[in-house]
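# An overview of the molecular structure
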Amino acid sequence: MSARKSPFELRQVFASLPQMERGVAKVIGGDPKGNNFLYTNGKSVIIRNIENPAIAEIYTEHGHQVTVAKYAPSGFYIASGDVAGKIRIWDTTQKEHLLKYEYTPFSGKIKDIAWTEDSKRLAVVGEGRGKFGAVFLWDTGSSVGDVSGHSKLINSVDIRQQRPYRLATASDDTCGCFFEGPPFKFKFTIKEHNQFVNCVRFSPDGNHFVTAGADGQILVFDGKTGERIGSLGGEKAHKGGIYAVSWSPDSAQLISASGDKTVKLWDVGTGTSVTTFDMGTDVTDQQLGCLWQKDHLVSISLSGYINYLDKNKPDRLIRVIKGHSKAIQCLTVHKRDGKSYIYSGSSDGHINYWDADTGDNDCFLGKGHTNQVTKMVINDSEELVTCSMDDTLRYTNIKKEYSASDVLKMDFQPKSVSVAVGGVSLAVCIGQVVLLKDKKKVFTLDNLGFEPETGAIHPSGTTVAVGGSDGKIRLYSLQSNTLKDEGKILVVQEPVTDMSFSNDGAYLAVGDGMKVVTVFSVADNYVVKNQYHGHHARPVTLAWSPDNEHFASAGMDMMVYVWTVQDSEWRIKIADAHRLHHVSALAWIDPHTLVTTSHDASVKVWTILF
């Protein structure tokens, strides 16, 4: 008997960017086989193919924010560490990424991880309570030395990949330390820096290691003895603090990433800079991480953007990977020139658009929203209509940049926006409902006597539904730019969390605070057609399939359900669609393709098989 085929499959993952913090280095892990690279965002470790970054996997098993992840030199395991001091060692060869071992070497934020070349020992450093580092056997957790000698948190650690092993650390106490082992024993302190030391890295051949610091210096040391040999770029390698360095595979060169918004390529033998990559002028162009893997030179900007550098053409980037680094709150899809595009908005005001087939993506040019984008929809003029916690509604041409003129300041913060034919928009704000025509306010409902939560315009453009925190949906007729209360009220459990008319206008689906979705039949005077039970927590988003027979709901329980109008017992359940994160928005590309977004800052495309 053949196994029953799953009614859904994950087709694509458009991964989040690294989670960045100003003035804090971002460690990027490289795959020893040269295929993938690793970084972290929130509770997730993101594994991306370096040749084709649209190929991505997300590992979400940590209970706390993950700070660093590193491949074992064997390539078979990844060690990841979080802010609570937990180290998880997990399998890379299977899709399930089974946990092999778990340790808590100290309680506090883990900042860096290093393996010995035989993949049998790990060094872990960070900010523990009175303990800043540990080195132990990967399979038992038994200590194989003492990471001592520092009086403040340790930012960085590395281990020489040849015998005799050497270990070096870099700390906020302005010092580095050098250890011999195993078992690893403290040998001496490196005191040549005068500010925080952010990074230490041994060359692949083990002949040298370098330290890089907030003082703009890169110092070079003998890999075996720890004796200082010299520095890169004389007194200062960069005008700003240096956050990361990464060696070339042949150990002859390295790249450095700096807060001065440049990446530099160095010839270590001569101590001179070969190339400088100017990454921009904005504060978000500060460079906080870098990786040299095979022929790829990669840097990470404070914006979270991942930059592929061309050492032969330093003034032109090969590619920039964009996306979201903060929780995605809303989503819509649109077909243009025979292609499907996904639009997503996040809690920092950033809007991104994606080619649904390839994952190629970009953002609008210019200045957009300055706070969370709460809802988005595309109108009949091919404009992206968005509302935000910055108290504005924006109309943005989907092919262009943000327009300063197409911004409407609302009296109160908008929670929801919907559109209809003929340039009509409806904004549901705190305590107020606003009707707009051709980007101008034409009618306002005030003093409502209830708190409106969300709104929807019937596809015919004749009826508006407004859902309240009291669990009631009030229907208004839309006539000559006014809203007339029809005295018709639909009742669900409080509060109304989201609602949506089917594309043909036959049904209205409503999610409520008691975890129920109710579908009303419009033609039958809004009689209840069916109620849908299954969610363990309130559904926060609904989306109708283009076939008007199916719709999806998702919510705080991390579940996505696909339902059918005719049978409330039939369902497709996608559990853990975005593991450990609630699903924030849904949209259908076609009757068999569903898009989900989440607070994990990623976009997923699913094939739904009826």
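Residues numbered from 1 in each chain as written. Predicted model: local features only at pLDDT ≥ 70, side-chain atom pairs only at ≥ 80, totals over all residues. Heavy atoms only, no water.

## What about the overall build of the chain?
Put simply, the rule reads: Helix and strand labels come from DSSP, where a helix needs a run of H or I of at least four residues and a strand needs a run of E of at least two; each type is numbered from the N terminus. Our radius of gyration is a C-alpha quantity, and the globule rule it is checked against amounts to 2.2 Å times the number of residues to the power 0.38. For every residue, the accessible area (1.4 Å probe, protein chains only) is compared with the maximum for its type, and the residue is labelled buried under 20%, exposed over 50%, or partly exposed between those bounds. A 1.4 Å probe and the Shrake-Rupley method give the accessible areas. Residues count as covered only by the protein chains that appear here.
Within the chain, the regular secondary structure consists of zero helices and 55 strands. Relative to the 2.2 N^0.38 estimate, which gives 25 Å for 610 residues, the radius of gyration of the chain is 27 Å and therefore close to what a compact globule would have. Seen along its three principal axes, the alpha-carbon backbone of the chain occupies a region of about 85 × 60 × 45 Å. For the chain, buried positions account for 60% of its 610 residues. For the chain, the accessible surface area stands at approximately 23800 Å², while carbon and sulfur atoms represent 47% of it.

## Description of the packing of aromatic side chains
Rules: By convention, a stacked pair of Phe, Tyr or Trp rings (six-membered ring in the case of Trp) has centres within 6.5 Å and planes under 30 degrees apart, an edge-to-face pair has planes over 60 apart, and any other such pair is tilted.
Tallied over the full model, the rule gives 24 aromatic pairs. Taking the centre distance of 5.9 Å and the plane angle of 70° together, the rings of F8 and W606 count as edge-to-face. Residue F8 is found in strand β1 (residues 8-14), and its partner W606 is found in strand β55 (residues 603-608); the two are separated by 598 residues along the sequence. Ring centres of F178 and F188 lie 5.1 Å apart, and the angle between their planes is 25°; this geometry places the pair in the stacked category.

## A few points about the sheet that holds strand β31 (residues 351-355)
Applied cut-off: One bridge is not enough; two strands pair if DSSP finds at least two bridges between them. Fitting a line to C-alpha atoms yields each axis, with helices limited to the stretch in contact; the angle taken between N-to-C directions then spans 0 to 180 degrees.
An order of β29-β30-β31-β32 is seen for the four strands of this open sheet, with the pairing classed as antiparallel. Two strands bound the open sheet, and with one partner strand each, they are β29 (328-336) and β32 (361-363). The average undirected angle you get between the axes of adjacent strands in this sheet is 20°. Sheet analysis places β31 next to β32, joined by three bridges and oriented antiparallel. Residue pairing in the sheet places W354 in a bridge with N361 of β32.

## Some points on the environment of V466
As for its placement among the helices and strands, V466 is situated in strand β42 (residues 463-468). The class of V466 is buried, set by a relative accessible area of 0%. Distance from V466 to L426, taken between C-alpha atoms, is 9.8 Å for residues 40 residues apart in sequence.

## So, the pairing of strand β21 (residues 242-247)
Among the six residues in β21, six count as buried, and that is most of the element. Pairing between β21 and strand β22 (residues 253-258): five bridges, direction antiparallel. Across the sheet, A244 pairs through a bridge with A257, a residue of β22. If you look at the hairpin formed by β21 and β22, you'll find five residues sitting between the two strands, and S251 has a positive phi there, around 65°.

## Considerations on the nonpolar core
Selection rule: The set of buried Ala, Val, Leu, Ile, Met, Phe, Trp, Tyr and Cys residues whose side-chain atoms join them within 4.5 Å is what this entry labels a nonpolar core. The contact definition used throughout considers only heavy atoms, calling two residues in contact when any of these lie within 4.5 Å.
In this structure, F37, Y39, I50, I306, Y308 and I321 are the most contacted members of the largest nonpolar core, which totals 20 residues. Elements represented by at least two residues in this core include exactly β3 (36-41), β25 (287-293), β26 (296-301) and β27 (306-309). Among residues more than four places away in sequence, those in contact with F37 are I28, G29, I46, I47, R48, N49, I50, L291, I306, Y308 and I321. In this structure, I87, F106, W115 and L122 belong to the second largest nonpolar core, which totals 17 residues.

## Quick word on the environment of A214
Here A214 shows up in the loop between β18 (208-213) and β19 (218-222). For A214, a relative accessible area of 23% corresponds to the partly exposed category. Residues A214 and K109, spaced 105 residues apart in sequence, show a C-alpha to C-alpha distance of 20 Å. Every residue in contact with A214, bar those within four places of it in the chain, is listed here: Q195, F196, N198, G241 and I242.

## Topic: the pairing of strand β44 (residues 482-491)
In this structure, strand β43 (residues 472-479) lies alongside β44, joined through eight bridges in antiparallel fashion. Bridge pairing in β44 places Y476 opposite D485. With antiparallel pairing between neighbouring strands as the criterion, β43 and β44 make up a hairpin whose turn holds two residues, including S480 at a positive phi of roughly 35°.

## A word on the sheet that holds β3
The antiparallel open sheet is built from four strands, whose spatial order is β2-β3-β4-β5. The open sheet is flanked by β2 (29-30) and β5 (56-59), the only strands paired with a single partner. With four bridges joining them, strand β4 (residues 44-49) and β5 adopt antiparallel strand pairing. What sits directly across from R48, in β5, is A56.

## Things to note about the pattern of salt bridges
To keep things clear, this is the line we draw: What counts as a salt bridge is simple: a side-chain nitrogen of Lys or Arg found within 4 Å of a carboxyl oxygen of Asp or Glu.
All told, the structure shown has 18 salt bridges when counted by the stated rule. A salt bridge links K441 to D411, with the nearest nitrogen and oxygen atoms 3.8 Å apart. With K441 in strand β40 (residues 440-445) and D411 in the loop between β36 (407-409) and β37 (414-420), the pair connects residues that are 30 residues apart, well separated along the chain. The salt bridge partner of E453 is K415, with a shortest N-O separation of 3.5 Å. You can see E453 sitting in strand β41 (residues 452-457) and its partner K415 sitting in strand β37, a full 38 residues away along the chain. Because the salt bridges share partners, they merge into one network encompassing E61, D576 and R579.

## Overview of the side chain of R48
So the rule is basically this: Residues counted as positive are Lys and Arg, residues counted as negative are Asp and Glu, and His and the chain ends are not counted. Counted as a polar contact is a pair of N or O atoms within 3.5 Å, where, for protein atoms, one must be capable of donating a hydrogen and the other of accepting one, and residues adjacent in sequence contribute only when both atoms are in side chains.
You can see R48 is positioned in strand β4. No salt bridge is formed by the buried R48; its nearest oppositely charged neighbour, D360, is found at 9.1 Å. Looking at R48, its side chain comes within polar contact range of the side chain of Y39, at 2.9 Å. Non-local contacts of R48, meaning those with residues more than four positions away in its chain, are made with A15, S16, N35, N36, F37, Y39, P53, I55, A56, I306 and I321.

## Some thoughts on the environment of I378
Tracing the chain through its elements places I378 in strand β33 (residues 373-378). A C-alpha to C-alpha distance of 37 Å links I378 and I28, two positions 350 residues apart in sequence. Once residues within four sequence positions are removed from consideration, I378 is found in contact with T332, V333, H334, Y343, E383, L384, I398 and V419.

## Considerations on unusual backbone geometry
Cis geometry is found at the peptide bond from P182 to P183, where omega equals -10°. Note on placement: P183 falls in the loop between β15 (176-180) and β16 (185-190). In the segment running from E494 into P495, the intervening peptide bond is cis, with an omega of -15°. Following the sequence through the fold, P495 ends up in the loop between β44 and β45 (496-501). Positive phi is not limited to glycine here, since T174 has a value of about 70°. Here T174 lies in the loop between β14 (166-171) and β15. Assessed through its relative accessible area of 24%, T174 is described here as partly exposed. With a phi close to 45°, N447 is a non-glycine residue in the positive phi region. Checked against the element boundaries, N447 lands in the loop between β40 and β41.

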